[in-house]
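For reference, the chains in residue letters:
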Amino acid sequence: MVLTEAEIEAELDRLMEAPEVDEEQVKDLEKRMIEFTKTNREIEDGYGSGSGHPSQLQRVYLVLPDPNSQNSTKLKTQTRRRTRKSPAMDSVYKTDENFAADVAALLAPLPTPQLQEYFNKLITSRRCNGIEVKNNGTIGKGVYANSEFDEDELILKDEILVGIQHSSNKVDCLVCSFCFRFIGSIEKQIGRKLYFKNLGVSGCCDDDSSEEDECVKYNGNEEQCGGSSSSHNTLPEGVVSSLMNGEMALPHTDKFPLPSPLSCPGGCQEAFYCSESCAEADWESSHSLLCTGERSESISREALGEFIKHANDTNDIFLLAAKAIAFTILRYRKLKAEHVDKKAKQSEPKQSLLLEAWKPVSIGYKRRWWDCIALPDDVDPTDEGAFRMQIKNLACTSLELLKIAIFDKECEALFSLEIYGNIIGMFELNNLDLVVASPVEDYFLYIDDLPDAEKEETEEITRPFLDALGDEYSDCCQGTAFFPLQSCMNHSCCPNAKAFKREEDRDGQAVIIALRRISKNEEVTISYIDEELPYKERQALLADYGFSCKCSKCLEDSSSI
Ligand SMILES: [Zn+2]
Ligand SMILES: [Zn+2]
Ligand SMILES: [Zn+2]
């Protein structure tokens, strides 16, 4: 019997509710689900467009609700338990059913002329007129040089559409919540980090596997990880707090001035800004809906708090997806208000305003998260169906909470699981890591470069702080963001450009520099991976991005095998 994807899911639900679970039948249905996923992937691979950038960080931060997920039986049991839908889950699925046509319209690819117009406007606003985005039938979108570029010349500075600092990075760096510039002072950055470290919540003590290596190294140095009073590297609490509140000044920090932090105008004490303009821009872009402060425009601050906690406990990419949804809702309301202002004779249908509001986000998505996420090494391939179902349920739980927190009746289609899955998938495949270098590192390097006598004198004061900070004194700001133009750049293993932060690039913007001379009409390419790796390893890594590379280097390498 041929079943649709939805029918298989319904059948699985029915089986799960039965008093005696029929293991055989469940296995068979799960296998069919995998087939569906595979077919989806193949279909979508057929017209892969633009670039894909599965985020390594994102994978590391994905924490499955079951701590014993290596144990396949446990994984399955939990998946089955979770497959039973709660009433709230039903409400999410109902949105998908009732708004199927609207959802399909939102997910339909933008017609080429509209796409072209959107990118032309974007390029003008970014003042990077040396490039253009072209839709090339076979490989999809790409960025092309409109003029010549010399080696090391700046090609593009791309602003963030939506971005987040990773939750675990927040204890290490205090940055502007909108532009991701470091704020406060060198003293505040150091004091804050030592304070959290003393509390035992520094990134070093996270159970994130990305930090594991550093933690091992750190322990290997026989230093205490965290705030044990027996550690000779822990500074007294009084010293740390006077650093944080500005009572203590370190030598030479006046050479590294940082903007004073402004609190969020909504009163949340969670978002801080480098300037009034950043605070205002963030409020208008998405924060007015996602602020947990008293002036928040969310419907339920309690649900919002729960949503944020769930994201921090599982995968902080949900926070980024929420920003994309809040961004679209606020843009919709603005477009609607402008429309009313113009007193247009024919009222623009609601749906077309929502499509217009959604356009900036729509250029990025390609696949649903649970279809495109790479199977983690510790999940047995035979459990793939169960794993993907578990991921889908995780997204569903997150969406339920978000829906209670910021629901908007006129934008209901945005709260469908299909849209949510596509937004998260877009960050899985299209994001580029957001990295901003730390001024604290520059500060200690500056001291290291001082003339000998002065250096010795200064280090007497600064050495205890450097020791207390340990290996992570130079942690940079890390996050995930969507850069509309950079995400259109295709991959090559012999790229002619790269993402590179220069000395003056101190915020979250993406900076693309020419690696060699680029002539007019040549495609601008970057490498998504370490292009020095051998052919087979490169192809394996790129398969995670959903394509097989046919650049000149790969063609040459494959013919010599
Ligand atoms: Zn800022
Ligand atoms: Zn706020
Ligand atoms: Zn290649």
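Reference entry: report on the structure contained in this document. Because the structure is predicted, anything quoted here is derived from the model rather than measured.

What counts, and where the lines are drawn
Residues numbered from 1 in each chain as written. Chains lettered and ligands numbered in written order. Predicted model: local features only at pLDDT ≥ 70, side-chain atom pairs only at ≥ 80, totals over all residues. Heavy atoms only, no water. Pairing = 2+ DSSP bridges. Helix = DSSP H or I, 4+ residues; strand = E, 2+ residues; numbered from the N terminus. Axes fitted to C-alpha atoms, helices over the stretch in contact; angles between N-to-C directions. Contact = heavy atoms within 4.5 Å. Donors = N, O, S within 2.8 Å, 3.2 Å for Na, K, Ca; no water. Tetrahedral: all angles 85-135°; square planar, octahedral: opposite > 155°, others 65-115°. Buried < 20%, exposed > 50% of the residue type's maximum accessible area, 1.4 Å probe, protein only. Patch = residues over 30% accessible without salt bridge, like charges linked within 9 Å, V, L, I, M, F, W, Y side chains within 5 Å. Areas by Shrake-Rupley, 256 points an atom, 1.4 Å probe, with all protein chains shown as cover. Salt bridge = Lys/Arg side-chain N within 4 Å of Asp/Glu carboxyl O. Phe/Tyr/Trp six-rings, centres within 6.5 Å; stacked < 30°, edge-to-face > 60°. Lys NZ or Arg CZ within 6 Å of the ring centre and 35° of its normal. Core = buried A, V, L, I, M, F, W, Y, C linked by side-chain atoms within 4.5 Å.

**Thoughts on the sheet that holds strand β4 (residues 162–165)**
Alright, step 1. Overall, antiparallel pairing links the three strands, which are arranged β4-β8-β7 in an open sheet. Each having just a single partner strand, β4 and β7 (432–436) make up the two edges of the open sheet. Each neighbouring strand pair of the sheet contributes to a mean axis angle of 30°, computed without reference to strand direction.
Alright, step 2. The pairing of β7 with strand β8 (residues 477–482) spans five bridges and is classified as antiparallel. Its bridge partner lying in β8, Asp433 is registered against Thr480.
Alright, step 3. Helix α13 (residues 317–341) rests against β4 and β8 of the sheet, and its axis sits at about 150° to β4.

**As for the coordination of the zinc ion (ligand 3)**
Six octahedrally arranged donors around a metal ideally form angles of 90 or 180 degrees; four tetrahedrally arranged donors ideally form angles of 109.5 degrees.
Alright, step 1. At this site the zinc ion (ligand 3) is bound by Cys493 (SG), Cys549 (SG), Cys551 (SG) and Cys554 (SG), with donor distances of 2.2 to 2.3 Å.
Alright, step 2. Because the angles between the four donor atoms bound to the zinc ion (ligand 3) fall within 103 to 114°, the donor set is best described as tetrahedral.
Alright, step 3. When the donors of the zinc ion (ligand 3) are listed by position in the chain, the intervening gaps give C-x55-C-x1-C-x2-C. Of this pair, Cys493 sits in the loop between β9 (490–491) and β10 (497–499) while Cys551 sits in the loop between α20 (535–543) and α21 (552–559), placing them 58 residues apart in sequence.
Alright, step 4. On the basis of relative accessibility, which here comes to 2%, the residue Cys493 falls in the buried class.

**Brief notes about a nonpolar patch on the surface**
Alright, step 1. A cluster of nonpolar side chains, Tyr195, Leu199 and Val201, forms an exposed patch at the surface whose accessible area comes to about 270 Å².
Alright, step 2. Tracing the backbone shows Val201 in the loop between α8 (186–199) and α9 (209–220).
Alright, step 3. Residue class for Val201 comes out partly exposed when judged on its relative accessible area of 37%.

**Describing the pairing of β4**
Alright, step 1. The alternating pattern of β4 places Val162 and Ile164 and Gly163 and Gln165 on opposite faces, both of which are buried.
Alright, step 2. Where β4 lies against β8, four bridges are found, and the strand directions are antiparallel. In the strand pairing of β8, Gln165 is matched with Gly479.

**Focus: the environment of Glu531**
Alright, step 1. Locating Glu531 in the fold gives a position in the loop between β12 (525–526) and α20.
Alright, step 2. Overall, the relative accessible area of 23% leaves Glu531 in the partly exposed class.
Alright, step 3. Considered as a pair, Glu531 and Lys553 are 22 residues apart in the sequence and their alpha carbons are 9.6 Å apart.
Alright, step 4. With sequence-adjacent residues up to four places away left out, Glu531 is seen in contact with Cys493, Pro495, Arg538 and Lys553.

**Overview of the packing of aromatic side chains**
Alright, step 1. One pass over the full model with this rule turns up 10 aromatic pairs.
Alright, step 2. Aromatic pair Tyr118 and Phe119: ring centres 5.4 Å apart, planes at 75°, arrangement edge-to-face.
Alright, step 3. Owing to a relative accessible area of 13%, Tyr118 belongs among the buried residues under this scheme.
Alright, step 4. You can call Phe119 buried: its relative accessible area is 1%.
Alright, step 5. Grouped by ring-pair contacts, the aromatic residues Phe256, Tyr443, Phe444, Tyr446 and Tyr473 constitute a single cluster.
Alright, step 6. For the cation-ring pair, Lys134 lies above Tyr144, with the distance from its terminal atom to the ring centre recorded as 4.9 Å.

**Overview of the nonpolar core**
Alright, step 1. Within the largest apolar cluster, 93 residues are counted, with the highest numbers of intra-cluster contacts made by Ile155, Ile406, Leu414 and Tyr420.
Alright, step 2. Membership of the second largest hydrophobic core comes to 16 residues, among which are Ile186, Leu194, Leu235 and Leu250.

**Comments concerning the pattern of salt bridges**
Alright, step 1. For the structure on display, the rule yields 30 salt bridges.
Alright, step 2. Across the pair Arg388 and Glu384 runs a salt bridge, and its minimum N-O distance is 3.0 Å. Taken as a pair, Arg388 and Glu384 lie in helix α16 (residues 384–406) at a separation of four residues, close to a single helical turn.
Alright, step 3. Under the relative-accessibility criterion, Arg388 is labelled buried at 6%.
Alright, step 4. One salt bridge in this structure joins Asp505 and Arg502, with 2.8 Å as the shortest N-O distance.
Alright, step 5. Note on Asp505: relative accessible area 5%, which makes it buried.
Alright, step 6. Because the salt bridges share partners, they merge into one network encompassing Lys157, Arg502, Glu504 and Asp505.

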